[in-house]
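# Remarks on the overall topology
Residue strings, one per chain:
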Amino acid sequence: MRLTRKIWVMALLVIPLLGEAQELAYEGDPDVSFFTARNLAFEGNRNIARDTLYRILSKYPDYTDVRSLLASTYSWDGDYDKARSHFNRITSVERKNKEVWVATIKNEIYAENYYLALGLANKAVSYLESDLDIIALQTKALALVKGKEEATEKHVVVETPIDTLTEVKGLKNGVKISNSFEIFDVVYDPMIYSSMSYGRETGAGLVIPRINYSNRFQTHGVQYEMDFYPKFSKTFYGYLNYGYSNAPIFPDHRVGAELYANLPKSLEASLGMRFLDFNTTKAQIYTGSIGLYSGNYYFSLRPYLTPQSNGNMTFSGNLLVRKYLRDGENYLGINFGMGYSPELKQLRDEDELLAETVLFIESQRLGMEYQFTAKRSPNIYKASLGVNRQELVFDSGNFTWSIAAGISYEIKF
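Okay, so let's go over this structure. Only a predicted model underlies this, so the values are computations on that prediction, with no experimental measurement involved. (Residues numbered from 1 in each chain as written. Predicted model: local features only at pLDDT ≥ 70, side-chain atom pairs only at ≥ 80, totals over all residues. Heavy atoms only, no water.)

### Notes on the layout of surface pockets
- Here the second largest pocket defines a volume of roughly 350 Å³.
- Every residue lining the second largest pocket is counted, 15 residues in all, and those nearest its centre are S68, S72, W76, E99 and A103.
- Counting only elements with at least two residues in the lining of the second largest pocket, the list comes to α2 (30-42), α4 (64-76) and α6 (98-110).
- At six residues, the largest contribution of residues to the lining of the second largest pocket is made by α4.
- Residue composition of the lining of the second largest pocket, grouped by class: eight nonpolar, three polar and four charged. (1 Å grid on protein atoms, 1.4 Å probe; cavity = no way out; pocket = protein on both sides within 12 Å on 5 of 7 lines; lining within 4 Å. Points joined across faces, edges and corners; volume = space filled by probe spheres on them. Helix = DSSP H or I, 4+ residues; strand = E, 2+ residues; numbered from the N terminus. Nonpolar A, V, L, I, M, F, W, Y, C, P; charged D, E, K, R; others polar.)

Okay, structure coming up:
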């Protein structure tokens, strides 16, 4: 009897709650509710408007105008983090919604996150290339970034900065000088690498002649190279390379070719090959890449497949992650590689140059890079630091460790 009475009491308590839940379930016309909420928001009744917008989204989570208005109400009230989360949900799917991009960029400007605003503006321009409103916001964000930097330095610049967006994009020439060295924990002496290149943007694509110098195993060597990045369309572009050297520490001939494709959803893919012609061996390497742009980040995975004369196939791969800062020329990066590297430097076993082992040495590599531009100059600086673990060619199964560091400087004009 007492059990029956408890069941009735619980039922009397639960039934009203069920009725209230049914009343909360959204069953109205989403368009009519949206316009009602919009009027409430514009009149200043934003809390009531948000209640309505959340109810609409409970049944129609992909209603873009509703979520955009919800984000805007948070931005108007200074709750920029909540606004950002809703704006990001939209822009991650709808790449060409101008109204949302404008509101998203303005939200970061209001929050005084000027670097993030500039990064979003750069991303928006990549999807809405010639939209004047987006370009105006991009320019505004850039000016705010510069103003913040100058205020931090307590330095007032009277002159107009020369590195405006239009001027930087108009530069077609660049001279680059790179230097790096590598030191080992056992056996090998330090190795030095240097290069000088000249890049020129042409109507057909970017052309880069380069001279490489290296000092390894007490042997000097020079290599002459040419890179060409032909443009075929907005979707496709290519990479062509040829290098020549008569020095024993470089391949006699080096050839590379690759086709890149810009795909939907911020993806990029490529497929290509490399050919290395050494004095004692030749190798053909198949490679490709898959890249993804996500917010201010870029991820790229590149494998290498190299057939051997015995019918086996060696494999190596590299993962690159970059975080872009102010623009595409400023970033922090980290890369990791492992496997049997197809372009590993040649090594010696006593007095014999082991060119034929270039394809068969196991290694792991971890590197960091930082590239940045000067504040009132388009010139580019880059620094790198890496750690390598590499198998000894004369002692299979044992490894040597090395540290590599490098710097480069490019003058744009």
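### Details of the side chain of T287
- Mapped onto the secondary structure, T287 falls in strand β8 (residues 282-294).
- T287 sits in the buried class, given a relative accessible area of 4%.
- In terms of polar contacts, T287 uses its side chain to reach the backbone carbonyl oxygen of P303, at 2.8 Å.
- Contacts of T287, omitting those with residues within four sequence positions, involve E258, L271, G272, M273, R274, R302, P303 and Y304. (Buried < 20%, exposed > 50% of the residue type's maximum accessible area, 1.4 Å probe, protein only. Polar contact = N/O pair within 3.5 Å; in protein donor to acceptor, adjacent residues only side chain to side chain. Contact = heavy atoms within 4.5 Å.)

### Here we look at the pairing of strand β4 (residues 219-230)
- Inspection of the sheet shows strand β3 (residues 205-216) paired to β4 by twelve bridges, in the antiparallel sense. When the bridges of β4 are listed, N212 appears paired with Q223.
- Adjacent in sequence and paired antiparallel, β3 and β4 are bridged by two residues, among which F217 carries a positive phi angle near 55°.
- Pairing between β4 and strand β5 (residues 236-244): five bridges, direction antiparallel. (Pairing = 2+ DSSP bridges.)

### Considerations on helix α3 (residues 46-59)
- Helix length check: α3, at 14 residues, gives a terminal C-alpha distance of 20 Å against a target of 20 Å (1.5 Å per residue), a fit within 8%.
- All of the buried residues along α3 are A49, R50, L53, I56 and L57. One face of α3 carries all of its buried residues, which in axial projection span an arc of 125°. Exposed and oriented more than 90 degrees from the buried face of α3 are N47, D51 and S58.
- Those residues of α3 that are buried lie in contact with α2 and α4. (Expected span 1.5 Å × (residues − 1). Arc of directions from axis to C-beta.)

### Some details on the packing of aromatic side chains
- One pass over the structure, following the stated rule, counts twelve aromatic pairs.
- Look at Y237 and Y260: their rings are 4.8 Å apart centre to centre, the planes differ by 5°, and that puts the pair in the stacked class. Here Y237, found in strand β5, pairs with Y260, found in strand β6 (residues 253-263); they are 23 residues apart in sequence, far enough to count as distant.
- Judged by relative accessible area, Y237 falls into the partly exposed class, the value being 23%.
- Looking at Y260, the relative accessible area reads 12%, which means it is buried.
- For the ring pair Y297 and F299, a centre distance of 6.3 Å and an interplane angle of 20° mean the geometry is stacked.
- Owing to a relative accessible area of 36%, Y297 belongs among the partly exposed residues under this scheme.
- R216 extends its terminal NZ or CZ atom over the ring of F250, reaching a point 5.2 Å from the ring centre.
- The lysine or arginine in question, R389, covers the ring of F399, its NZ or CZ lying 3.6 Å from the ring centre. (Phe/Tyr/Trp six-rings, centres within 6.5 Å; stacked < 30°, edge-to-face > 60°. Lys NZ or Arg CZ within 6 Å of the ring centre and 35° of its normal.)

### Comments concerning helix α5 (residues 80-91)
- Given a rise of 1.5 Å per residue, twelve residues ought to cover 16 Å, and the 16 Å separating the end C-alpha atoms of α5 matches this to within 8%.
- Along α5, the positions that sit buried rather than exposed are A83, R84, H86, F87, I90 and T91.
- Of the surrounding secondary structure, the elements contacted by the buried residues of α5 are α3, α4, α6 and α7 (114-127).

### Looking at a negative patch on the surface
- On the surface, a cluster of negative charge is contributed by D29, D31, D65 and E99.
- Along the chain, the position of D65 falls in helix α4. (Patch = residues over 30% accessible without salt bridge, like charges linked within 9 Å, V, L, I, M, F, W, Y side chains within 5 Å. Areas by Shrake-Rupley, 256 points an atom, 1.4 Å probe, with all protein chains shown as cover. Salt bridge = Lys/Arg side-chain N within 4 Å of Asp/Glu carboxyl O. Lys, Arg positive; Asp, Glu negative; His and termini not counted. Charge placed at Lys NZ, Arg CZ, Asp CG, Glu CD.)

### Focus on the pattern of salt bridges
- In this structure the tally under the stated criterion is 16 salt bridges.
- D81 is the partner of R84 in a salt bridge, and the nearest nitrogen-oxygen pair spans 2.8 Å. A residue pair is termed a helical-turn pair when its members lie 3 or 4 positions apart in one helix, as R84 and D81 do in helix α5 at three residues.
- Judged by its relative accessible area of 19%, R84 falls in the buried class.
- Judged by its relative accessible area of 54%, D81 is exposed.
- Residue E225 is joined to R254 by a salt bridge in which the shortest nitrogen-to-oxygen separation is 3.4 Å. Placement of E225 in strand β4 and of R254 in strand β6 is noted, with a sequence separation of 29 residues between them. For the pair formed by E225 and R254, the shared burial category is buried.

### Section: the packing of α4 against α5
- Contact pair α4 / α5: the axes reach a minimum separation of 7 Å and the direction vectors enclose 160°. In terms of orientation, α4 lies roughly antiparallel with respect to α5. Judged by the sense of rotation from one axis to the other, the crossing of α4 with α5 is left-handed. Between α4, through T64, R67, S68, L70, A71, S72, Y74 and S75, and α5, the contact on the second element is made entirely by Y80, K82, A83, H86, F87, R89 and I90.
- Class assignment of the residues belonging to the contact of α4 with α5 gives a composition of seven nonpolar, five polar and three charged. (Axes fitted to C-alpha atoms, helices over the stretch in contact; angles between N-to-C directions. Parallel < 35°, antiparallel > 145°, perpendicular 65-115°, else oblique. Left-handed = near helix turned anticlockwise from the far one by under 90°.)

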